[in-house]
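Chain and residue survey
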Amino acid sequence: MNAAQGTDPLAAVTDWWQTSISDIEPGVIRLRGYPIEQLIAEISLPEMVWLLLRGDLPTRGQARLLEAALVAAVDHGPQAPSIAAARMAATCGVGLNNAVATGVNLLGDIHGGAGQQCMRLLAELCRRLDKGEQLDAVVTESLAEHRAKHSYLPGFGHRFHPRDPRRDPLLDLLADAAEDGTVSGRYLQIICELERQLGRDRPRPVPVNIDGATATVYCELGFPAELGRGLFVLSRSVGILAHAWEESQDGRRIKGPIPPPLLPTYAGHPPRDLSPVRRWRDSTERTADHA
């Protein structure tokens with residue numbers, strides 16, 4: 001028991017959900033100390049995200065980068081499982097919030113987790129650079145480790161796009177931000193060197209994808225890797241909501257994953273008759289009864 005709890009029996013209750021984020025009382029809402037009525041008129045949603053997560057307001061340059069990353073990842077169409085699932089859920093009579101939750105709950109390590117994984121990779125390589133190691137050697141060693149483990153390198157290549165159209169705008173913005181001092185540019189150097197070496201001696205390059213580009217933005221802005229997936233979910237929720245709403249307006253009920261005329265391929269046992277099995281079981285049971 002701390003000193004406050006020792007002198008005030010209510011402290012054990014009021015400290016239970018202690019927070020430095022919001023201060024709420026009748027007629028008052030303050031977020032990180034700022035009155036909500038001032039924030040409403042003055043800041044954007046990305047700035048509010050920064051404020052709540054980081055505790056203070058970003059510079060204009062930081063807010064611009066965060067907004068660009070959030071905008072870039074909002075949607076990738078119904079071939080994305082999270083969006084397809086949300087659309088199916090919307091046809092099953094659930095509320096819009098349930099449809100959105102269905103989509104968001106599909107975002108895990110494989111679908112939706114590569115950005116956070118790339119942030120971890122960039123952070124680890126940056127730590128090694130801080131110790132005095134050279135960029136080209138660190139990247140070469142990291143790629144060799146991934147190849148030896150036959151492990152997927154998060155943040156590179158795309159199953160659909162030969163070159164992700166979201167890559168260049170984000171990395172160009174980062175290059176400008178590094179030039180004007182908004183960010184250090186160290187993570188940008190690392191991702192570009194990874195891309196360069198990954199594509200070396202290959203018939204086709206393996207460009208940075210949306211996960212790698214947003215991971216670089218978030219690392220440059222100082223977000224910890226543990227927030228990577230949360231930021232992606234925040235962004236992709238916009239697209240999931242839009243798709244769930246659109247599907248709910250169509251009027252179709254219980255829309256499955258493939259059109260009704262098409263049936264999933266059956267790979268099980270050929271057709272068989274249950275009658276012989278039943279006769280055999282009946283005769284076995286009669287024999288057992290007479291034993």
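A quick note: this is a predicted structure, and the numbers were derived from the prediction, not measured.

Per the secondary structure count, the chain includes 14 helices and three strands. Relative to the compact-globule value of 19 Å for 291 residues, the chain shows a C-alpha radius of gyration of 27 Å, a clear excess of over 25%. Each principal axis of the C-alpha distribution contributes one length, and for the chain these read about 90 × 65 × 50 Å. The burial tally for the chain puts 38% of its 291 residues in the buried class.

With 21 residues, helix H13 (residues 228–248) extends 30 Å from end C-alpha to end C-alpha; this agrees with the ideal 30 Å at 1.5 Å per step. Its axis deflected by about 30 degrees at Arg236, H13 carries its strongest bend there. Residues of H13 that are buried: Gly228, Leu231, Phe232, Val233, Ser235, Arg236, Ser237, Gly239, Ile240, His243, Ala244 and Glu247. On its buried face, H13 sits against helix H4 (45–54), helix H5 (60–72), helix H6 (81–90), helix H7 (96–104), helix H8 (114–130) and helix H12 (210–220).

Since one α-helical turn is 3.6 residues long, residues separated by three or four positions face the same way. The complete set of buried residues in H7 reads Ala99, Val100 and Gly103. In an axial view of H7, the angular spread of the buried residues amounts to 95 degrees, which keeps them on one side of the axis. Contact partners of the buried residues in H7: H6 and H13.

The tendency in soluble globular proteins is for nonpolar side chains to be buried side by side. Counting residues in each nonpolar core, the largest one holds 57 residues, and the members touching the most others are Leu122, Leu194 and Tyr218. The element best represented in this core is H8, accounting for seven residues. Once you skip the residues sitting within four places of it in the chain, Leu194 turns out to touch Leu121, Leu122, Leu125, Val139, Leu143 and Phe156. In terms of nonpolar packing, the next biggest core, distinct from the first, is built from six residues, Leu31, Ile36, Leu39 and Leu51 among them.

This part covers the environment of Leu171. Its location among the elements puts Leu171 in helix H10 (residues 167–179). Taking C-alpha positions, Leu171 is 9.8 Å from Gly212, a pair spaced 41 residues apart along the chain. Those residues in contact with Leu171, other than ones at most four positions away along the chain, are Leu188, Val208 and Ala213.

In this section: the side chain of His161. Secondary-structure assignment places His161 in the loop between helix H9 (135–149) and H10. Excluding anything up to four places from it in sequence, His161 contacts His76 and Arg166.

So, on to the pairing of strand S2 (residues 28–31). Note: strand S1 (residues 22–25) against S2, four bridges, orientation antiparallel. Across the sheet, Ile24 pairs through a bridge with Ile29, a residue of S2. The turn joining S1 and S2, which pair antiparallel and follow one another in sequence, is formed by two residues; a positive phi near 80 degrees is taken by Gly27. The pairing of S2 with strand S3 (residues 34–35) spans two bridges and is antiparallel. Each residue of the ladder has a partner; that of Leu31, found in S3, is Tyr34. Counted along the chain from S2 to the antiparallel partner S3, the turn is two residues long, and its residue Arg32 has a positive phi close to 50 degrees.

Our next topic: a negative patch on the surface. Judged by side-chain charge, Asp172, Asp176, Glu179 and Asp180 come together as a negatively charged surface patch. Relative to the helices and strands, Asp176 resides in helix H10.

Rules behind the numbers
- Residues numbered from 1 in each chain as written.
- Predicted model: local features only at pLDDT ≥ 70, side-chain atom pairs only at ≥ 80, totals over all residues.
- Heavy atoms only, no water.
- Helix = DSSP H or I, 4+ residues; strand = E, 2+ residues; numbered from the N terminus.
- Rg over C-alpha atoms; globule rule 2.2 N^0.38 Å.
- Buried < 20%, exposed > 50% of the residue type's maximum accessible area, 1.4 Å probe, protein only.
- Expected span 1.5 Å × (residues − 1).
- Bend = angle between axes of the 7 residues up to and from the residue.
- Contact = heavy atoms within 4.5 Å.
- Arc of directions from axis to C-beta.
- Core = buried A, V, L, I, M, F, W, Y, C linked by side-chain atoms within 4.5 Å.
- Pairing = 2+ DSSP bridges.
- Patch = residues over 30% accessible without salt bridge, like charges linked within 9 Å, V, L, I, M, F, W, Y side chains within 5 Å.
- Areas by Shrake-Rupley, 256 points an atom, 1.4 Å probe, with all protein chains shown as cover.
- Salt bridge = Lys/Arg side-chain N within 4 Å of Asp/Glu carboxyl O.
- Lys, Arg positive; Asp, Glu negative; His and termini not counted.
- Charge placed at Lys NZ, Arg CZ, Asp CG, Glu CD.

These figures capture arrangement, not role.
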